[in-house]
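Summary of the model geometry
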Amino acid sequence: MLTALIGGRKGNRWFSLIDKVSADRTLELAWAKVRSNAGGSGVDRITVARFAKDCPRGLLDLQEQLRTASYQPLPVKRVWIPKPGTTEPRPLGIPAVRDRIVQTALRMVIEPIFEHRFAEHSYGFRPGRGGKDALRRVQSLLDEGHTWIVDADLKSYFDTIPKDRLMGRVEERIADGRVLALIRSYLDQGVMEELTLHEPTERGTPQGAVISPLLANLYLDPLDHLLADSGRQMVRYADDFVILCRSEEEAKAALARVQTWVGENGLTLHPEKTRLVDATQPGGFDFLGYHFERGYRWPRRKAMDRLRDKVRQLTPRTSGDSLACIIAQLNQGLRGWFGYFQHSHRTTFPALDSNVRGRLRSILRKRAGRRGRGCGADHQRWRNHYFTELGLFSLTQAHALACQSPR
């Protein structure tokens, strides 16, 4: 397949793929990925651990169903989880383990076909690419003077992709009828919520499906190439994208072109979240968790709030855990957060470190039999170096070390 992709293929379409999806090695690799990702059970209540107990038989059954075209995915189980920054929950779709295995096998086979031609400035859910690559590209363009930003937001993108148009784009490269039927079966999956089965609609990719990010990238790929061919500097991560321009006029023209394409392709730009921004002025814009403004960047407000909420959960004043145990749990979260936000401006970190130490002082104050939050004399009794000696991770020190030039 890779050789054919490099050398070209007659008609640019693939006619025989289902045998690759159902191959022993493909299903085994797909199962290994699903097992490593863990996750909950679907509507059939079969967990990853339970499937593992009879894995060889389960994979053989899936292989036979794929070869005989008798495989049908189960409805997706819908659960509701908290949405950061709002009191409203958001839906989470959990496909059955068996369906996650087949979807992973399907993605392994068809992804190279589409990935081979995806635009350079698309970074979301692609092999060897990620959010940090997108952020580096944004910063590079800002440094080059592309400071007028089209900050775009597609309203409910994954839920509004027209299925028939999406399948049309799949069919441009794939002609294997059984693979097309398999993809269509996922687009037409029902959703089970408690005991109610919601029938599929004419729009949207399946919730929580392994295949959804690839299909979502495929649908926006023509927009990627349209902007690239017109010389626009776009950076996209899934449905989140910005267009960086050198002037307000250029930004307005880019936004007009996006609005036209979006309307012609059955999508909608969010009227309140889509705007033009001069990044050299107060206000700035957010992208992938960072806020960019006047030549600097720092974590957006929601990212800061989530970290503080996490610290608050780990440091209740009435905690019965040892201080060493509490610090160990804090360190795990602080290191992970810093790993992504370490490129923020240096003024970001001291206040966060102070907040963490203040929470720990409140615990020590409570254990000393005193009320209220740690303050005043507590800063003298438990100085900053006291927590450093206990091994507390310091965001400020980590940032200073990260900024040092390598020798």
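Now for a quick tour of the structure. (Residues numbered from 1 in each chain as written. Predicted model: local features only at pLDDT ≥ 70, side-chain atom pairs only at ≥ 80, totals over all residues. Heavy atoms only, no water.)

1. Side note on a positive patch on the surface
A cluster of basic residues, Lys83, Arg90, Lys273, Lys302 and Arg306, forms a positive patch on the protein surface. Positionally, Lys273 belongs in the loop between helix 12 (248-264) and strand 8 (275-278). (Patch = residues over 30% accessible without salt bridge, like charges linked within 9 Å, V, L, I, M, F, W, Y side chains within 5 Å. Areas by Shrake-Rupley, 256 points an atom, 1.4 Å probe, with all protein chains shown as cover. Salt bridge = Lys/Arg side-chain N within 4 Å of Asp/Glu carboxyl O. Lys, Arg positive; Asp, Glu negative; His and termini not counted. Charge placed at Lys NZ, Arg CZ, Asp CG, Glu CD. Helix = DSSP H or I, 4+ residues; strand = E, 2+ residues; numbered from the N terminus.)

2. A closer look at the pairing of strand 3 (residues 148-153)
Burial within strand 3 is extensive, with five of its six residues counted as buried. Sheet analysis places strand 3 next to strand 7 (residues 240-245), joined by six bridges and oriented antiparallel. In the sheet register, Asp151 faces strand 7, and the bridge partner there is Val242. (Buried < 20%, exposed > 50% of the residue type's maximum accessible area, 1.4 Å probe, protein only. Pairing = 2+ DSSP bridges.)

3. Brief notes about the pattern of salt bridges
Under the definition given, this model contains 21 salt bridges. Here Asp19 ties to Lys20 by a salt bridge, and the two come within 3.9 Å at their closest N and O atoms. According to the relative accessible area criterion, Asp19 is partly exposed, its value standing at 41%. The closest approach of N and O atoms between Asp188 and Arg184, which form a salt bridge, is 3.9 Å.

4. Digging into the packing of aromatic side chains
For the structure shown, the criterion picks out 14 aromatic pairs. The interplanar angle of 10° and the centroid separation of 5.1 Å between the aromatic rings of Phe285 and Phe292 together place this pair among those described as stacked. By relative accessible area, Phe292 is classed as buried at 1%. Connected via pairs of aromatic rings, a cluster forms that spans Phe285, Tyr290, Phe292, Trp337, Tyr340 and Phe341. The ring centre of Tyr219 lies 4.1 Å from the NZ or CZ of Arg169, which sits over that ring. In this structure, Arg297 packs its charged tip against the face of Tyr290, placed 5.3 Å from the ring centre. (Phe/Tyr/Trp six-rings, centres within 6.5 Å; stacked < 30°, edge-to-face > 60°. Lys NZ or Arg CZ within 6 Å of the ring centre and 35° of its normal.)

5. Focus: the nonpolar core
Side chains of a nonpolar character, in soluble globular proteins, are inclined to be buried together. Of all hydrophobic cores here, the largest spans 63 residues; its most connected members are Ile101, Leu106, Ile110, Ile174 and Ile243. Among the elements that take part in this core, helix 6 (residues 97-115) stands out by supplying nine residues, more than any other. Residues within four places of Leu106 in sequence aside, it is in contact with Val21, Val179, Leu182, Ile183, Tyr186 and Ile211. Judged by nonpolar contacts, the second largest core, of 42 residues, contains Ala303, Leu334, Phe338 and Phe393. (Core = buried A, V, L, I, M, F, W, Y, C linked by side-chain atoms within 4.5 Å. Contact = heavy atoms within 4.5 Å.)

6. Observations concerning unusual backbone geometry
In this structure, Arg45 is a non-glycine residue whose phi angle is positive, near 65°. The backbone of Ser156 shows a phi angle near 50°, a positive value even though the residue is not glycine. Relative to the helices and strands, Ser156 is located in the loop between strand 3 and helix 8 (157-160).

7. A word on the packing of helix 5 (residues 55-67) against helix 6
Where helix 5 meets helix 6, the axes come as close as 11 Å, and the angle between the chain directions of the two elements is 60°. In this view, helix 5 runs oblique relative to helix 6, as classed from their interaxial angle. Pair helix 5 / helix 6 crosses with right-handed handedness. Across the interface between the two elements, Leu59, Leu62, Gln65 and Leu66 of helix 5 pack against Arg98, Ile101 and Val102 of helix 6. Its residues assigned to classes, the contact of helix 5 with helix 6 shows five nonpolar, one polar and one charged. (Axes fitted to C-alpha atoms, helices over the stretch in contact; angles between N-to-C directions. Parallel < 35°, antiparallel > 145°, perpendicular 65-115°, else oblique. Left-handed = near helix turned anticlockwise from the far one by under 90°. Nonpolar A, V, L, I, M, F, W, Y, C, P; charged D, E, K, R; others polar.)

8. Remarks on the sheet that holds strand 6 (residues 233-237)
Spatial strand order, 6-7-3-8: four strands in an open sheet with antiparallel pairing. The outermost strands of the open sheet, each flanked by one partner alone, are strand 6 and strand 8. Strand after strand, the sheet turns through a mean of 20° between neighbouring axes, direction not considered. Bridge count between strand 6 and strand 7: five bridges; the pairing is antiparallel. Pairing of Val235 across the sheet is with Val242, part of strand 7. Most of the contacts of helix 7 (residues 131-143) go to strand 6, to which it runs at about 160°, and overall it touches strand 3, strand 6 and strand 7. Across the sheet, helix 12 is in contact with strand 3, strand 7 and strand 8; its angle to strand 7 comes to roughly 145°.

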